[in-house]
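# Results of the structural survey
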Amino acid sequence: MTSKTEKETFVWIWLPGETEPVVAGRLEADNGNVLFNYGKSYLDRNGAICQL
């Protein structure tokens, strides 16, 4: 899946035991930095793997 601008993209992950990937969050370029934000729907999932 691509996003509306060239400055952002979505990150997908295969969770343990699952057969389909899910969107974990979004990467965004901002003034030479790359920012990652977890998606709320991902964090609400059982078995979500995250580093907060």
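Rules used throughout
- Residues numbered from 1 in each chain as written.
- Predicted model: local features only at pLDDT ≥ 70, side-chain atom pairs only at ≥ 80, totals over all residues.
- Heavy atoms only, no water.
- Pairing = 2+ DSSP bridges.
- Helix = DSSP H or I, 4+ residues; strand = E, 2+ residues; numbered from the N terminus.
- Axes fitted to C-alpha atoms, helices over the stretch in contact; angles between N-to-C directions.
- Phe/Tyr/Trp six-rings, centres within 6.5 Å; stacked < 30°, edge-to-face > 60°.
- pLDDT = per-residue confidence, 0-100.
- Patch = residues over 30% accessible without salt bridge, like charges linked within 9 Å, V, L, I, M, F, W, Y side chains within 5 Å.
- Areas by Shrake-Rupley, 256 points an atom, 1.4 Å probe, with all protein chains shown as cover.
- Salt bridge = Lys/Arg side-chain N within 4 Å of Asp/Glu carboxyl O.
- Buried < 20%, exposed > 50% of the residue type's maximum accessible area, 1.4 Å probe, protein only.

A few words on the sheet that holds strand 1 (residues 8–13). Strand order in this open sheet of three strands is 1-2-3, and the pairing throughout is antiparallel. What marks the edges here is a single partner per strand, and that holds for strand 1 and strand 3 (33–38). For this sheet, the mean inter-axis angle between neighbouring strands, taken without regard to orientation, is 30°.

With the rule as written, the count across this model stands at two aromatic pairs. Between Phe36 and Tyr38, the aromatic rings sit 4.8 Å apart at their centres with planes inclined by 85°, giving edge-to-face as the arrangement. The interplanar angle of 10° and the centroid separation of 6.1 Å between the aromatic rings of Tyr38 and Tyr42 together place this pair among those described as stacked. Linked through ring pairs, Phe36, Tyr38 and Tyr42 together constitute an aromatic cluster.

We now examine the confidence of the model for the protein. Residues at a pLDDT of 70 or more form 88% of the protein, whose mean pLDDT is 87. Here helix 1 (residues 40–43) stands out as the least confident element of the protein, with mean pLDDT 92; strand 3 is the most confident, with 95.

Attention now moves to a nonpolar patch on the surface. A cluster of nonpolar side chains, Leu27, Val34 and Phe36, forms an exposed patch at the surface whose accessible area comes to about 250 Å². Inspection of the secondary structure puts Phe36 in strand 3. Phe36 gets classed as partly exposed once you look at its relative accessible area, which sits at 34%.

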